Amino acid sequence: MCEILGLSSQSEYEANDYLKTFFSHSSKHPHGWGLGCISRNSALIEKESIAALKSNYLKERLSQPIKAKIILAHIRYATIGNVEYKNCHPFTGKDNTGRRWTLIHNGTIFDYPLLNPYIKRQMGDTDSERIFIYLMERLNDAQIQKGARLVFEERFELFDSIVCDMAKGNKLNLLFSDGKYLYAHTNCKGTLYYLTKNNMTMLSTVPLSEEVWQPLPFTRLTAFYNGKLLRTGTVHKHEYIESEESMRMLYRIFANL
């Protein structure tokens, strides 16, 4: 699969040490890397469709301080979608009120027909990009219906209902942000942890240091603000467990690429 990293902090946090450890795992996830430094309504996105350890650009980038209140990073092991720049995470775009959103995903959507209409609309061919487009369209529809921008509680309830539905039968490890809040979800045990210290929370597929990392609250959406866990959603109990059938489905997907 892939590995994902997220950061939420009260003030700009220099994340170089964690990022260096995270990107060092690209020997097992060689199909691309991505980094997003996110602030209100802007996101600096950098990515390449090569292994992070082979990127001279990333090596130079990590030699300088990387600071932000919200950071997303991704290393890719391709399951759905070719090894191309357009399939590298993060994915970013604005909703119909001008709020910018950015998303990374570790997982596979085996069966969720509501994503199928977005195959012709996406730039690449990953299920992750389809998730992003779908979330934005559902958000836009809700804001059109309301006639105004949704407030945080309304957005959380919307995303909570989507995640509860989409998680059925699918591996759905997500991190996404609007530059203020960092949303996170996992339904696969042992694949997303978090560390909180000094008004900062770091999330990662695997612990990145000898500090005390905890498993992220399981099978429910969570939201972090200024480095603290702000909200947890509905416990949907749709745990993803890798099985022979899911692997056979992956092989069929690979055969159709």
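Look a little higher up for the structure.
Residues numbered from 1 in each chain as written. Predicted model: local features only at pLDDT ≥ 70, side-chain atom pairs only at ≥ 80, totals over all residues. Heavy atoms only, no water.

Undergrad: Outline the sheet that holds strand S2 (residues 33-39), supporting the account with residue identities and numerical values.
TA: Pairing within the open sheet is antiparallel, and its seven strands lie in the order S3-S2-S4-S1-S10-S9-S11. Each edge of the open sheet carries a strand with a single partner, namely strand S3 (42-48) and strand S11 (214-215). When S2 meets strand S4 (residues 67-75), the two strands line up antiparallel, connected through six bridges. Bridge pairing in S4 links Leu 35 to Ala 73. (Pairing = 2+ DSSP bridges. Helix = DSSP H or I, 4+ residues; strand = E, 2+ residues; numbered from the N terminus.)

Undergrad: Tell me about the pairing of strand S10 (residues 200-204), residues and numbers included.
TA: Burial analysis of S10 places five of its five residues in the buried class, the great majority of the element. Here S10 shows no split at all, with Met 200, Met 202 and Ser 204 on one side and Thr 201 and Leu 203 on the other all buried. Sheet analysis places strand S1 (residues 3-14) next to S10, joined by five bridges and oriented antiparallel. Bridge pairing in S10 links Leu 7 to Met 202. In this sheet, S10 lies alongside strand S9 (residues 193-197) in antiparallel orientation, the contact comprising five bridges. Following the sheet pairing, Thr 196 is matched in S10 by Thr 201. (Buried < 20%, exposed > 50% of the residue type's maximum accessible area, 1.4 Å probe, protein only.)

Undergrad: Tell me what's going on with the sheet that holds strand S13 (residues 228-232), and back it up with residues and numbers.
TA: On the basis of which strands lie adjacent, the open sheet formed by six strands has the order S5-S6-S7-S8-S12-S13 and antiparallel pairing. A strand with exactly one partner marks an edge of an open sheet, and here the two such strands are strand S5 (91-94) and S13. Strand-to-strand twist of the sheet, defined as the mean angle between neighbouring strand axes without regard to direction, takes the value 25°. In terms of strand pairing, S5 meets strand S6 (residues 100-108) through four bridges, oriented antiparallel. Paired with Thr 92 across the strands is Thr 102, a residue of S6. In the packing of helix H3 (residues 127-146) onto the sheet, contacts are made with S5, S6 and strand S7 (171-177), and the angle to S6 comes to roughly 135°. Its contacts with the sheet put helix H4 (residues 152-166) on S6, S7, strand S8 (181-185), strand S12 (222-225) and S13, and the angle it makes with S8 is roughly 20°. (Axes fitted to C-alpha atoms, helices over the stretch in contact; angles between N-to-C directions. Contact = heavy atoms within 4.5 Å.)

Undergrad: Could you give an account of H4, naming the residues involved and the relevant values?
TA: Over its 15 residues, H4 extends 21 Å from the first C-alpha to the last, a length consistent with the 21 Å expected when each residue adds 1.5 Å. Buried within H4 we find Phe 152, Arg 155, Phe 156, Leu 158, Phe 159, Asp 160, Ile 162, Val 163, Cys 164 and Met 166. On the buried face of H4, the contacting elements are S6, H3, S7, S8, S12 and S13. (Expected span 1.5 Å × (residues − 1).)

Undergrad: Give me the lowdown on the packing of aromatic side chains, citing residues and values where you can.
TA: The tally for this structure, following the rule as stated, stands at 19 aromatic pairs. On the basis of an interplanar angle of 80° and a centroid distance of 5.4 Å, the ring pair of Trp 101 and Phe 159 is categorised as edge-to-face. Of this pair, Trp 101 sits in strand S6 while Phe 159 sits in helix H4, and the two are 58 residues apart along the sequence. By the burial criterion, Trp 101 is buried, and Phe 159 matches it. A connected cluster of aromatic rings, assembled from ring pairs, spans Trp 101, Phe 152, Phe 156, Phe 159, Phe 176, Tyr 181, Tyr 183 and Tyr 225. If you follow Lys 47 out to its NZ or CZ, it ends over the ring of Tyr 85, 5.4 Å from the centre. A cation over a ring is seen here: Lys 47 above Phe 91, with NZ or CZ 5.2 Å from the ring centre. (Phe/Tyr/Trp six-rings, centres within 6.5 Å; stacked < 30°, edge-to-face > 60°. Lys NZ or Arg CZ within 6 Å of the ring centre and 35° of its normal.)

The quantities given are spatial measurements derived from coordinates; they are silent on function.
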